[in-house]
Amino acid sequence: MTQPPASPTPDTADTPVAPVAPVHWKLVIDAVDPHAQADFWAAALGYTVEDNSPLIEKLLGRGAVPADLTVEHHGRRAFRDLIAVRHPDDPYEEESGTGLGRRLLFQRVPEAKTVKNRLHLDLHPGEGRREEVRRLERLGARVLRQVREPSGSWTVMTDPEGNEYCVH
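Residues numbered from 1 in each chain as written. Predicted model: local features only at pLDDT ≥ 70, side-chain atom pairs only at ≥ 80, totals over all residues. Heavy atoms only, no water.

> Can you help me understand the pairing of strand 4 (residues 76–79) in this one?
The side chains of a regular strand alternate between the sheet's two faces. Where strand 3 (residues 70–73) meets strand 4, four bridges bridge the pair, whose relative direction is antiparallel. In the sheet register, V71 faces strand 4, and the bridge partner there is A78. (Pairing = 2+ DSSP bridges. Helix = DSSP H or I, 4+ residues; strand = E, 2+ residues; numbered from the N terminus.)

> Looking at this structure, I do not really get the packing of aromatic side chains. What am I missing?
How two aromatic rings sit relative to each other is given by the distance of their centres and the angle of their planes. Enumeration over the complete set of coordinates arrives at three aromatic pairs. Taking 4.9 Å as the distance between ring centres and 70° as the angle between the ring planes, the aromatic pair formed by W41 and Y165 counts as edge-to-face. Remark: Y165 occurs in strand 10 (residues 164–167) and W41 occurs in helix 1 (residues 34–45); sequence separation between them is 124 residues. Here a set of aromatic residues connected by ring pairs shows up, and it is made of F40, W41 and Y165. (Phe/Tyr/Trp six-rings, centres within 6.5 Å; stacked < 30°, edge-to-face > 60°.)

> How should the environment of D81 be read in this particular structure?
Within the secondary structure, D81 is located in the loop between strand 4 and strand 5 (82–86). When neighbours within four sequence positions are excluded, D81 is seen to be in contact with P34, F106, Q107 and R108. Within the structure, D81 has its side chain in polar contact with the side chain of R108 (distance 2.7 Å). (Contact = heavy atoms within 4.5 Å. Polar contact = N/O pair within 3.5 Å; in protein donor to acceptor, adjacent residues only side chain to side chain.)

> Would you mind showing me how to read the sheet that holds strand 1 (residues 27–31) here?
Within a sheet, each strand pairs with its neighbour through backbone hydrogen bonds, oriented either parallel or antiparallel. Strands sit in the order 1-6-5-2 across an open sheet of four strands; the sheet is mixed. Of all the strands in the sheet, the pair left with one neighbour each is strand 1 and strand 2 (48–49). Lying on the sheet, helix 1 is in contact with strand 1, strand 2, strand 5 and strand 6 (103–108); it crosses strand 6 at an angle near 160°. (Axes fitted to C-alpha atoms, helices over the stretch in contact; angles between N-to-C directions.)

> I tried to follow the pairing of strand 10 on my own but got confused; where do I start?
Side chains of strand 10 alternate between two faces, with E164 and C166 and Y165 and V167 buried alike. Of the strand pairs in this sheet, strand 7 (residues 122–123) and strand 10 are connected by two bridges, and their pairing is parallel. Bridge pairing in strand 10 places D122 opposite C166. Two strands pair when backbone bridges link them, and strand 9 (residues 152–158) and strand 10 are joined in this way by four bridges, in the antiparallel orientation. Bridge pairing in strand 10 links T158 to E164. The hairpin turn running from strand 9 into strand 10, its antiparallel successor, is five residues long, and G162 in that turn takes a positive phi close to 90°. (Buried < 20%, exposed > 50% of the residue type's maximum accessible area, 1.4 Å probe, protein only.)

> In this structure, what is going on with empty space enclosed by the protein? I would like to understand it.
Rolling a probe over the atoms, with the probe sized like a water molecule, indicates the empty space that remains. Here the structure, examined in full by the defined rule, presents one cavity of 30 Å³ or more. Estimated volume of the largest cavity: approximately 50 Å³. Every residue lining the largest cavity is listed: V49, E50, D51, N52, S53, H73, R76, R77, A78 and I83. A per-element tally of the lining of the largest cavity places strand 4 first, with three residues. Across the lining of the largest cavity, the residue classes break down as three nonpolar, three polar and four charged. (1 Å grid on protein atoms, 1.4 Å probe; cavity = no way out; pocket = protein on both sides within 12 Å on 5 of 7 lines; lining within 4 Å. Points joined across faces, edges and corners; volume = space filled by probe spheres on them. Nonpolar A, V, L, I, M, F, W, Y, C, P; charged D, E, K, R; others polar.)

What is shown is where atoms sit, not what they do.
As C-alpha cells, then:
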C-alpha cells in the first residue's frame, strides 16, 4: 500500500517530503500494582495479559536479570515492575510474548495517582451501556458521574487505582 505524501509545512512547501511510515506504539500507564491493573484492563477490554515467561526464563538462565526483578503471576514468571495486555487478535512475538499491535503497558511507580488524568480511554461497548458499567463495577471500577449533554451521554468511571475513563 502506498503512503500519502506528508503535508508540507509553510517553510518547506517547495521541498519534497518523504512519506512517514506508521509508528508502532503502546499506551504506558503508571501503576502502584501493575499486575492487578493488567488483570482489570484485560477483563474490561477482553484483552490478553501478555505471557513474557519464555523471555524471562531465558534472561534468568543467562544471568542477564536477577530473580528479584520477577514475580509469579497466574502461575508463570512475569517482570515485577511491568506487564502488558494486548488485543487477542493482534500478532505477538512468540519468543518474548510481546504484542505487536494494540497494547497497554502498566509500569510500577512508587506514588499513587494524585490528579486528574491528562489522557484517558473511552470504551464503546455498543448496546447495553448500563450492563457494561455494572460489569466493570464488579471488576473493581467505580462510577464517578453520569454525563448527559446535547452531544450525547456517557458514564465517567475510575479503574481500581483511580484512573478515569468513560463508557459511551
